[in-house]
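# Coordinates in review
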Amino acid sequence: MELTTEIKEYINRSVLCWLATVSTENVPNVSPKEIFNYYETDKIIIANIASPQTVRNIQKNENVCVSFIDILVQKGFQVKGEAKIIGKTDSEFLEMEKILLKMTGGKFPFSTITKITVEQAKPIIAPKYILYPETTEKEQIENAKNLYGFKIR
């Protein structure tokens with residue numbers, strides 16, 4: 001599945017994503033990831049900074065789910081696909097690393113990257129948009145700022 005412009009925009013607007021994996025014992029694991037981006041037309045890449053359980057799970061079961069939202073607008077996407085751990089010896093690593101290093105400024109070392117080939121995606125929206133269809137993104141942003149105590153300078 002090709003990543004749409006809208007999905008890419010939400011990736012750029014999201015501070016974190018949450019990567020869900022499953023162990024061989026069928027124990028779920030959800031881990032926040034700070035350094036992630038899209039790659040090519042149908043992939044998401046994530047730097048494995050402190051992710052030993054995630055890496056172990058993917059090596060045994062490649063099916064994953066990634067969710068990300070713009071925390072103020074409270075919209076985003078859930079994507080599902082197949083993951084592969086890319087190491088420094090893989091031919092793709094250097095190209096992917098360049099993208100992720102721009103985000104880290106070299107401050108977060110990583111030796112592997114999770115590459116997810118996206119198979120399906122669906123929007124995530126806050127329930128308020130459904131319960132109160134007249135809700136605008138501007139109102140949602142203001143409500144979120146007030147709720148979470150954001151100050152405007």
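This text follows the structure it describes.
Definitions and cut-offs
- Residues numbered from 1 in each chain as written.
- Predicted model: local features only at pLDDT ≥ 70, side-chain atom pairs only at ≥ 80, totals over all residues.
- Heavy atoms only, no water.
- Helix = DSSP H or I, 4+ residues; strand = E, 2+ residues; numbered from the N terminus.
- Rg over C-alpha atoms; globule rule 2.2 N^0.38 Å.
- Areas by Shrake-Rupley, 256 points an atom, 1.4 Å probe, with all protein chains shown as cover.
- Lys, Arg positive; Asp, Glu negative; His and termini not counted.
- Charge placed at Lys NZ, Arg CZ, Asp CG, Glu CD.
- Buried < 20%, exposed > 50% of the residue type's maximum accessible area, 1.4 Å probe, protein only.
- Contact = heavy atoms within 4.5 Å.
- Pairing = 2+ DSSP bridges.
- Axes fitted to C-alpha atoms, helices over the stretch in contact; angles between N-to-C directions.
- Salt bridge = Lys/Arg side-chain N within 4 Å of Asp/Glu carboxyl O.
- Expected span 1.5 Å × (residues − 1).
- Arc of directions from axis to C-beta.

## What to know about the overall build of the chain
- A count of helical and extended segments in the chain gives five helices and seven strands.
- Counting helices and strands in the order they occur from the N terminus, the chain gives α-β-β-β-β-α-β-β-α-β-α-α.
- Radius of gyration (C-alpha) of the chain: 17 Å, near the 15 Å computed for a compact globule of 153 residues.
- As displayed, the chain offers around 9200 Å² of accessible surface, 53% of which is attributable to carbon and sulfur atoms.
- Within the chain, the 19 negative side-chain charges are centred at a point lying 6 Å from the centre of the 20 positive side-chain charges.

## Examining the side chain of Thr54
- Relative to the elements of secondary structure, Thr54 occurs in helix H2 (residues 52-60).
- A relative accessible area of 2% means that Thr54 is categorised as buried.
- Setting aside chain neighbours within four positions, we find Thr54 in contact with Leu19, Thr21, Asn29, Ser31 and Lys33.

## Things to note about the sheet that holds strand E6 (residues 75-87)
- Reading across the sheet, the seven strands line up as E2-E1-E5-E6-E7-E4-E3 and stay open at both edges, with antiparallel pairing between neighbours. The open sheet has two edge strands with one neighbour each: strand E2 (28-33) and strand E3 (36-39). Taken pair by pair, the neighbouring strands of this sheet meet at an average axis angle of 30°, ignoring direction.
- With 13 bridges connecting them, E6 and strand E7 (residues 112-125) associate as antiparallel partners. Considered in E7, the bridge of Gln78 is made with Lys122.
- Its contacts with the sheet put helix H1 (residues 5-13) on E3, strand E4 (43-47), strand E5 (63-70), E6 and E7, and the angle it makes with E3 is roughly 155°.

## Observations regarding the pattern of salt bridges
- A complete count under the given rule lists five salt bridges for this structure.
- Of the charged contacts in the structure, one is a salt bridge between Lys43 and Asp42, with a shortest N-O distance of 2.8 Å. Taken individually, Lys43 and Asp42 each receive the classification buried, so the pair is uniform in this respect.
- Here Glu137 makes a salt bridge to Lys75, at a shortest N to O gap of 3.0 Å. With Glu137 in helix H5 (residues 137-148) and Lys75 in strand E6, this residue pair connects regions lying 62 residues apart in the sequence.
- Residue Glu137 is classed as partly exposed on the basis of its relative accessible area of 34%.

## A word on helix H3 (residues 93-104)
- Its twelve residues give H3 an end-to-end C-alpha distance of 16 Å, which sits within 8% of 16 Å, the value for a rise of 1.5 Å per residue.
- Along H3, the positions that sit buried rather than exposed are Phe93, Met96, Glu97, Leu100 and Thr104. Viewed along the axis of H3, the buried residues span an arc of 100°, placing them on a single side of the element. Turned more than 90 degrees away from the buried face of H3 sit Leu94, Lys98 and Lys102, all of them exposed.
- The elements touched by buried residues of H3 are E3, E4, E6 and E7.
- One or two positions beyond H3, positive phi appears at Gly105, with a value near 60°.

## A look at the pairing of E7
- When E4 meets E7, the two strands line up antiparallel, connected through five bridges. Residue pairing across strands places Ile45 opposite Lys115, the latter belonging to E7.

Note that every value here comes from positions in space, so none of it alone points to a role or purpose.
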